[in-house]
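Descriptive structure summary
Listed here are the chains, written in short residue letters.
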Amino acid sequence: MAIIPTVRCKRMEASIAFYTKVLDFELVDGDAETGDPSFSVLMREGAPLFLSSHRGDGEFGQAIAVLTDGVDALFRKFRTRGLQTPGNPEAPERVHEGPIDQSWGTREFYVDDPDGNTLRFTQGFRLPPVAEGDA
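These notes cover the structure that comes with them.

Parameters at a glance
- Residues numbered from 1 in each chain as written.
- Predicted model: local features only at pLDDT ≥ 70, side-chain atom pairs only at ≥ 80, totals over all residues.
- Heavy atoms only, no water.
- Helix = DSSP H or I, 4+ residues; strand = E, 2+ residues; numbered from the N terminus.
- Rg over C-alpha atoms; globule rule 2.2 N^0.38 Å.
- Buried < 20%, exposed > 50% of the residue type's maximum accessible area, 1.4 Å probe, protein only.
- Contact = heavy atoms within 4.5 Å.
- Pairing = 2+ DSSP bridges.
- Axes fitted to C-alpha atoms, helices over the stretch in contact; angles between N-to-C directions.
- Arc of directions from axis to C-beta.
- Salt bridge = Lys/Arg side-chain N within 4 Å of Asp/Glu carboxyl O.

On to the overall build of the protein, then. The helix and strand inventory of the protein stands at 2 helices and 8 strands. Reading the protein from its N terminus to its C terminus gives the helix and strand order β-α-β-β-β-β-α-β-β-β. Taken against the 2.2 N^0.38 rule, which gives 14 Å for 135 residues, the C-alpha radius of gyration of the protein at 16 Å falls within 12% of a compact globule. The 135 residues of the protein split such that 36% are buried. Considering only contacts within the protein whose residues lie at least 6 apart along the sequence, 51% involve residues at least 24 apart.

Ordered by their spatial adjacency, 4 strands build an open sheet running β5-β8-β7-β6, and the pairing between neighbours is mixed. In this open sheet, the two edge strands, each paired with only one partner strand, are β5 (63-67) and β6 (100-101). Bridge count between strand β7 (residues 107-112) and strand β8 (residues 118-123): 6 bridges; the pairing is antiparallel. In the sheet register, Glu108 faces β8, and the bridge partner there is Thr122. Here helix α2 (residues 71-80) sits on the sheet and contacts β7 and β8; the angle it forms with β7, its principal contact strand, is near 25 degrees.

Attention now moves to α2. Looking at α2, one finds that the buried residues are Val71, Leu74, Phe75 and Phe78. Seen from one end, α2 has its buried residues packed into an arc of 100 degrees, which puts them on one side. When the buried face of α2 is taken as reference, the exposed residues oriented beyond 90 degrees from it are Arg76 and Thr80. Gly82 occupies a position one or two residues after α2 and carries a positive phi of about 110 degrees.

Tallied over the entire structure, the rule returns 6 salt bridges. Where Asp24 meets Lys77, a salt bridge forms, and the shortest distance between an N and an O atom there is 3.0 Å. With Asp24 in the loop between α1 (12-21) and β2 (26-30) and Lys77 in helix α2, this pair connects stretches of sequence that are 53 residues apart. By relative accessible area, Asp24 is classed as partly exposed at 25%. One salt bridge connects Glu45 with Arg44, and the closest N-O pair in it is separated by 3.6 Å. Under the relative-accessibility criterion, Arg44 is labelled buried at 7%. Via salt bridges that share partners, Asp24, Lys77 and Arg81 belong to a single interconnected network.

What follows is about α1. Helical geometry note: an α-helix holds 3.6 residues per turn, so side chains three or four residues apart project in the same direction. Every buried residue of α1 is listed here: Met12, Ser15, Ile16, Phe18 and Tyr19. Along the axis of α1, the buried residues cluster in a sector spanning 165 degrees; they form a single face. The outward face of α1, more than 90 degrees from its buried face, is lined by the exposed residues Glu13 and Lys21. Close packing links the buried residues of α1 with β1 (6-8), β2, β3 (39-44), β4 (47-52), β7 and β8.

Moving on: unusual backbone geometry. With an omega of 0 degrees, the peptide bond running from Asp36 to Pro37 counts as cis. A positive phi angle is found at Glu45, which is not glycine, with a value near 50 degrees. By secondary structure assignment, the location of Glu45 is in the loop between β3 and β4. A residue is classified by how much of its surface remains accessible, and Glu45, at 68% relative accessible area, is exposed.

This is the structure:
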């Protein structure tokens, strides 16, 4: 079974540009025309993500966890590609400014897409093992 988040966007072309040019996603499928409304399938490190500008497909302002290693290097890469932060990325006080250590044991930074959806890039979160027969 796979659970794939659908991210609602207002302008598909702007969303595709942000996710592919800044955040390392790859456009792999979707509608031939990216005008609105439309639907696109993105991939990042083997994990799919749906983008939709169709009315009724999700809500604006959702949060999506992206589990990864090396959040500091990833954040620096995103900054070189134009990612803007609201504060000092060299000494972040908030998780939207740059990677910080969370009290629950992860290291994270958050990125808001052009439509106010938040991607939480998280290092150190481990999913519990799946028992044999539960997969």
